[in-house]
Amino acid sequence: IMEQDKTIGAITWMDITVPEADGLRDFYKNVVGWTTMDISMGDYNDYCMVSPTDNVVRSGVCHAAGSNAGMPAAWIMYINVANLDESIAKVIAGGGEVVNGPRKMGEKARYCIIKDPAGAYCGLFDHGQAKSIEHRAESKERKGQRGIEA
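Since this is a predicted model, take the numbers as computed values, not measurements.

### Some thoughts on the side chain of Asp-126
So, point 1. Examined against the element boundaries, Asp-126 turns out to sit in strand β8 (residues 121–126).
So, point 2. Despite its burial, Asp-126 pairs with no opposite charge, the nearest such side chain being Arg-110 at 5.0 Å.
So, point 3. A polar atom in the side chain of Asp-126 sits 2.7 Å from the backbone nitrogen of Gly-128.
So, point 4. Ignoring any residue separated from it by four or fewer positions in sequence, one finds Asp-126 in contact with Val-81, Ala-82, Asn-83, Leu-84, Lys-108, Ala-109 and Arg-110.

### With respect to unusual backbone geometry
So, point 1. For the bond running from Gly-101 to Pro-102, omega is 10°, close enough to zero to count as cis.
So, point 2. Counting through the fold element by element, Pro-102 comes out in strand β6 (residues 97–105).
So, point 3. Even without a glycine there, the phi angle at Asn-55 is positive, about 60°.
So, point 4. Along the chain, the position of Asn-55 falls in the loop between β3 (45–50) and β4 (57–63).

### Some remarks on the environment of Lys-108
So, point 1. If you trace the backbone, Lys-108 turns up in the loop between β6 and β7 (109–115).
So, point 2. Lys-108 sits 18 residues away from Asp-126 along the chain, and the two C-alpha atoms are 8.4 Å apart.

### Observations regarding the packing of aromatic side chains
So, point 1. Within this structure, the stated rule accounts for six aromatic pairs.
So, point 2. Taking 5.0 Å as the distance between ring centres and 90° as the angle between the ring planes, the aromatic pair formed by Phe-27 and Tyr-28 counts as edge-to-face.
So, point 3. On the basis of relative accessible area, Tyr-28 is assigned to the buried category, the value being 18%.
So, point 4. Here the aromatic residues Phe-27, Tyr-28, Trp-34 and Trp-75 are joined through ring pairs into a cluster of three or more.

### Focus on the layout of surface pockets
Take a probe with the size of a water molecule and roll it over the atoms, and the empty space left behind shows itself.
So, point 1. A volume near 480 Å³ is recorded for the largest pocket.
So, point 2. Residue lining of the largest pocket: 25 residues in total, with Trp-13, Asp-15, Cys-62, Met-105 and Tyr-111 positioned closest to the centre.
So, point 3. Of all the secondary-structure elements, those providing two or more residues to the lining of the largest pocket are β1 (11–18), β3, β4, β6 and β7.
So, point 4. Considering every element that reaches the lining of the largest pocket, the biggest residue donor is β1, with four residues.

About the criteria used
Residues numbered from 1 in each chain as written. Predicted model: local features only at pLDDT ≥ 70, side-chain atom pairs only at ≥ 80, totals over all residues. Heavy atoms only, no water. Helix = DSSP H or I, 4+ residues; strand = E, 2+ residues; numbered from the N terminus. Buried < 20%, exposed > 50% of the residue type's maximum accessible area, 1.4 Å probe, protein only. Lys, Arg positive; Asp, Glu negative; His and termini not counted. Salt bridge = Lys/Arg side-chain N within 4 Å of Asp/Glu carboxyl O. Polar contact = N/O pair within 3.5 Å; in protein donor to acceptor, adjacent residues only side chain to side chain. Contact = heavy atoms within 4.5 Å. Phe/Tyr/Trp six-rings, centres within 6.5 Å; stacked < 30°, edge-to-face > 60°. 1 Å grid on protein atoms, 1.4 Å probe; cavity = no way out; pocket = protein on both sides within 12 Å on 5 of 7 lines; lining within 4 Å. Points joined across faces, edges and corners; volume = space filled by probe spheres on them.

What follows is the structure, encoded as structure tokens:
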């Protein structure tokens, strides 16, 4: 089970990409007590790190291979944005750069890794919620028509 806060501006995920993910997975299993869920990447596995007390996926440990080759060996937080393309334009205009992506995740979500003007890395994550936001707005409108506060 993975709980995600989809609020714009919220930190939705953290992961680290390293050349030797198996060893780092074992390090955090020992230090923190996380259990793991293997995620097949074809020739190798990346890992979701799971809290042992509530069985919630908390983070990821990934190999620096495939589309993750060249990623910095640092914990990267992913911040929710309303529109990835607009955020990327603002990153570039503000002196930052996109270092990986944008990449698609699932049917609607997209993300990228940026380097800010100070040299720090983070991810920007767009859940692709446009349709669900419109649906919620329509639901509120229908509730209002029936005399129920939205």
